[in-house]
Amino acid sequence: MKSTPDKNDFLFTDAGILTAAVAANLLWGSAAPCIKLGYRCFAIAPDDVMSQILFAGVRFTLAGVLTILFGSLLHRRFLLPKRGSGGMILMLALTQTVIQYTFFYIGLSHAPGYMASVISPTATFFALLIAALVFRQEKLTAGKVFGCLIGFAGVLAVSLNGRLDGGAKWNGEGFLILAAASYGCSSVLIKRYSLREDPVVLSGWQFLLGGTMMTAAGLAGGGRLTAVSAGAWPLMLYLGFLSAAAYTLWSLLLQRHPVSKIMVFSFLNPVFGVLLSALLLDELRELNVPRCLLAVGWSASG
C-alpha cells in the first residue's frame, strides 16, 4: 500500500516548502560547527577515527530515538515499519547515515567547518544525476546539466584553492565530497521509498539502525567519548535533535515534490554554515569570504 500525503497539507504550498526548507537547512548549517565544537568538548583528536565514528553513532542513535518518539506522538501511535520495509531502511541507514557520516566526520576533522558547508551543495548535483540517470525519476535537460556544472565548478574553486594554506586534503575536502555523494543518493532513495512507507518512519528507523551500527563499530575499534566540558552532552543532544528535525522535514518535502525542486534549496546550507562556522569557531580570519560567496552564488544558480 502506498503512503500518499494529503494534497491540502501545508507542505504542498509555496509557503510550506519555503518554511520547511529554510528550517531544515538552518539546522544542517549549524551541524558542522557544532560537530567541530563537539570534538573539542570530547577531546577527540583529528586522527582518532574510531572516536569520531563513535561520536557520530551516538548522535544518530539519539536522532533515531527522537524521530520515532516525535513521530509517534504526532501520529498518536508507536511508529513501526510496515512488513517489507526492512530492506529500504537498511539501504537508507547505509547511504544516509553510515557511509555519509563516516566520510563527513573524518573529513570534518581535517577541514575547516565552513568548508563542509560550502561543499554540501554538491549533494544536489549528485541527487539530480542519480535521479535522472539511474532511477529515471526526472529528465536530464541541458539546462540542468549546465546548472550542475556551474554549481560544481564553484564548489571546486573553493575546495581546491579557498584556504590560506593553499590546497585541499584528500581525507578532508575529498571525504566531504564523498559524503555529499552518499547523501545525494539517499535523497533519491527517500523519494522512491516514501511511495511505500511513511518518510518519518524511514528517517527514524534508519537513524536508529545506522547509529547503532556506527556506535558498535566505534566501540569495537577502541573509540571513547570522554567529556571534558560541561556542554559536551547538551551539545550531543542538540546534534541528535537537529538531525531528527531536519531530516524529517526534508523527507516530507521529498515525498511531496520532485527531487530537483527541493534539492535546489540546499544552497541555503552553505550560507548558514559559513556564517555559523565563522561565528562559533572563530574561522573568520582564515575564511576567503569573496570566494565562498562566489561558490554559494554558483551553487544557487545551479
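Here we summarise the structure given alongside this text. (Residues numbered from 1 in each chain as written. Predicted model: local features only at pLDDT ≥ 70, side-chain atom pairs only at ≥ 80, totals over all residues. Heavy atoms only, no water.)

## A few points about the nonpolar core
Membership of the largest hydrophobic core comes to 71 residues, with the highest contact counts inside it found for W28, I35, F55, F104, Y105, W250 and L253. The contacts of I35, once residues within four sequence positions are left out, are F55, R59, F104, Y105, L108 and L239. (Core = buried A, V, L, I, M, F, W, Y, C linked by side-chain atoms within 4.5 Å. Buried < 20%, exposed > 50% of the residue type's maximum accessible area, 1.4 Å probe, protein only. Contact = heavy atoms within 4.5 Å.)

## Structural notes on the packing of aromatic side chains
In this structure the tally under the stated criterion is 17 aromatic pairs. Note on Y39 and Y105: the rings are 6.3 Å apart at their centroids and 70° apart in plane angle, and the pair reads as edge-to-face. Highlighted residues: Y39 in helix α2 (residues 31-41) and Y105 in helix α4 (residues 86-108), separated in sequence by 66 residues. The two residues Y39 and Y105 agree in class, both being buried. Each ring, one from Y183 and one from Y247, has its centre 6.1 Å from the other, and the planes form 80°; the classification is edge-to-face. Here Y183 is found in helix α8 (residues 173-193), whereas its partner Y247 is found in helix α10 (residues 232-256), with 64 residues between them in sequence. (Phe/Tyr/Trp six-rings, centres within 6.5 Å; stacked < 30°, edge-to-face > 60°. Helix = DSSP H or I, 4+ residues; strand = E, 2+ residues; numbered from the N terminus.)

## Re helix α3 (residues 49-75)
Spanning 27 residues, α3 covers 38 Å between terminal C-alpha atoms, matching the ideal 39 Å at 1.5 Å per step. Once α3 ends, the next one or two residues include R76, with phi positive near 60°. (Expected span 1.5 Å × (residues − 1).)

## Some thoughts on the packing of helix α1 (residues 14-29) against α10
Where α1 contacts α10, the axes come no closer than 9 Å and their chain directions differ by 150°. Taken together, the axes of α1 and α10 are roughly antiparallel relative to one another. Between α1 and α10 the crossing geometry is left-handed. On the side of α1, the interface is formed by I17, A20, A21, A23, A24, N25, L27 and W28, while α10 contributes Y238, F241, L242, A245, A246, Y247, L249, W250 and L253. Residue classes in the contact of α1 with α10 are distributed as 16 nonpolar, one polar and no charged. (Axes fitted to C-alpha atoms, helices over the stretch in contact; angles between N-to-C directions. Parallel < 35°, antiparallel > 145°, perpendicular 65-115°, else oblique. Left-handed = near helix turned anticlockwise from the far one by under 90°. Nonpolar A, V, L, I, M, F, W, Y, C, P; charged D, E, K, R; others polar.)

## Some thoughts on α8
For α8, built from 21 residues, the straight-helix expectation of 30 Å at 1.5 Å per residue is met to within 8% by its first-to-last C-alpha distance of 30 Å. A large share of α8 lies buried, amounting to 15 of its 21 residues.

## Structural notes on the side chain of T95
Inspection of the secondary structure puts T95 in helix α4. Polar side-chain contacts of T95 include one of 2.9 Å to the backbone oxygen of M91. Once residues lying within four places of it in the same chain are set aside, the contact partners of T95 are Q100, S182, Y183, C185, S186 and L189. (Polar contact = N/O pair within 3.5 Å; in protein donor to acceptor, adjacent residues only side chain to side chain.)

## With respect to unusual backbone geometry
If you check the backbone angles, A43 has positive phi at about 50° while not being a glycine. Within the chain, R76 stands out as a residue other than glycine whose phi angle is a positive 60°. In this fold, R76 is placed in the loop between α3 and α4.

## Here we look at the side chain of T67
Tracing the backbone through its elements, the reader meets T67 in helix α3. For T67, a relative accessible area of 3% gives the class buried. Sequence-distant contacts of T67, defined by excluding residues within four places in its chain, comprise V200, S203, G204, F207, A244 and T248.

## Some points on the environment of C185
Looking at the element boundaries, C185 is found in helix α8. Along the sequence, C185 and T95 sit 90 residues apart, while their C-alpha atoms lie 6.9 Å from each other. Setting aside its immediate chain neighbours within four residues, C185 contacts T95 and I130.

## So, the environment of M115
Tracing the chain through its elements places M115 in helix α5 (residues 113-119). Given the relative accessible area of 0%, M115 is considered buried.

## Some points on the packing of α3 against α4
Look at α3 against α4: their axes get within 9 Å of each other, and the N-to-C directions meet at 130°. The angle between α3 and α4 falls in the class oblique. Two packed elements cross with a definite hand, and for α3 against α4 that hand is right-handed. For the pair α3 and α4, the contacting residues are V49, Q52, I53, F55, A56, R59 and F60 in the first and T97, Y101, T102, Y105 and I106 in the second. Residues that form the contact of α3 with α4 fall into these classes: eight nonpolar, three polar and one charged.

## Topic: the environment of G174
With respect to the element layout, G174 can be found in helix α8. Classification of G174 as partly exposed rests on a relative accessible area of 24%. Sequence-wise, G174 and A111 are 63 residues apart; in three dimensions their C-alpha atoms are separated by 9.6 Å.

## Let's talk about the state of the cysteines
The full count for this structure, using the stated rule, is zero disulfides. Of all cysteine sulfurs in the structure, the one in C41 sits closest to C34, which takes part in no disulfide; the separation is 9.5 Å. (Disulfide = S-S within 2.5 Å.)

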